[in-house]
Amino acid sequence: MKITCLTVGKVKEKFYTQAIAEFVKRLGKYVKLEIKEVPDEKTPDKAGEKLEVQIRDTEGLKLLRYIRDTDYVIALAIEGEMPDSVQLAGRIEQLGVCGVSHIVFVIGGSLGLGSEVLRRADYKLSFSRMTFPHQLMRVILLEQIYRCFRIINGEPYHK
């Protein structure tokens, strides 16, 4: 199986890049993983709702260029389902059993995901109703994907 983490913006903080690199290394045992970044749009201070929608949609178009019709798309969205780690592992395992060969996890920019990306998503995943920095979400997502593969393979993990 191949997994792509498709994200808006670059990670600048060294501590995030180190954590991401560690989980990329760990995941190499289980899956072919790639991380693709698209440039974020600059958001002026005090941007109105109309401008924010335009920015989300512009970033969304950049993201959609990397998504194929055959990809299974999981969008990180605050309004998505909130499975526990075992349930998420079960979903990923079931996708593999059903012949899905490529899962694309999509993380939006600081304003979230555009409507077209959310419409394209096969599943909307939420880690919490709280808001997290999108750069930190990469670390959290990769850790959970790693945890999922540990669960799928019957290997120990922290509960």
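Read on for a plain summary of the structure. A quick note: this is a predicted structure, and the numbers were derived from the prediction, not measured. (Residues numbered from 1 in each chain as written. Predicted model: local features only at pLDDT ≥ 70, side-chain atom pairs only at ≥ 80, totals over all residues. Heavy atoms only, no water.)

### Focus: the layout of surface pockets
Phase 1 of the analysis: Empty space within the largest pocket amounts to approximately 490 Å³.
Phase 2 of the analysis: Taken together, 23 residues make up the lining of the largest pocket; nearest its centre are Leu-76, Ala-77, Ile-78, Gly-112 and Phe-132.
Phase 3 of the analysis: If you list the elements that add at least two residues to the lining of the largest pocket, you get β3 (72-81) and α5 (134-152).
Phase 4 of the analysis: Tallied by class, the residues present in the lining of the largest pocket amount to 13 nonpolar, 8 polar and 2 charged. (1 Å grid on protein atoms, 1.4 Å probe; cavity = no way out; pocket = protein on both sides within 12 Å on 5 of 7 lines; lining within 4 Å. Points joined across faces, edges and corners; volume = space filled by probe spheres on them. Helix = DSSP H or I, 4+ residues; strand = E, 2+ residues; numbered from the N terminus. Nonpolar A, V, L, I, M, F, W, Y, C, P; charged D, E, K, R; others polar.)

### Quick word on the packing of helix α1 (residues 14-27) against α5
For any two helices packed against each other, the geometry comes down to the angle between their axes and how far apart the axes lie.
Phase 1 of the analysis: Where α1 meets α5, the axes come as close as 9 Å, and the angle between the chain directions of the two elements is 20 degrees. One element, α1, and the other, α5, form an angle in the roughly parallel class. In the crossing of α1 with α5, the sense of the turn from one axis to the other is left-handed. For the pair formed by α1 and α5, the contact residues are Tyr-16, Ala-19, Ile-20, Phe-23, Val-24, Arg-26 and Leu-27 on the first element and Gln-135, Leu-136, Arg-138, Val-139, Leu-142, Glu-143, Ile-145, Tyr-146 and Phe-149 on the second.
Phase 2 of the analysis: Of the residues that constitute the contact of α1 with α5, the class distribution is 12 nonpolar, 1 polar and 3 charged. (Axes fitted to C-alpha atoms, helices over the stretch in contact; angles between N-to-C directions. Parallel < 35°, antiparallel > 145°, perpendicular 65-115°, else oblique. Left-handed = near helix turned anticlockwise from the far one by under 90°. Contact = heavy atoms within 4.5 Å.)

### Here's the deal with the pairing of β3
The two faces of a sheet get side chains in turn, since along a regular strand they alternate between them.
Phase 1 of the analysis: Here β3 lies mainly inside the structure; 7 of its 10 residues are buried.
Phase 2 of the analysis: Two strands pair when backbone bridges link them, and β3 and strand β4 (residues 102-107) are joined in this way by 4 bridges, in the parallel orientation. When the bridges of β4 are listed, Ile-74 appears paired with Phe-105.
Phase 3 of the analysis: What joins β3 to β4 is helix α3 (residues 85-97), and the crossover it makes is right-handed. (Buried < 20%, exposed > 50% of the residue type's maximum accessible area, 1.4 Å probe, protein only. Pairing = 2+ DSSP bridges. Right-handed = clockwise from strand over helix to strand, strands pointing away.)

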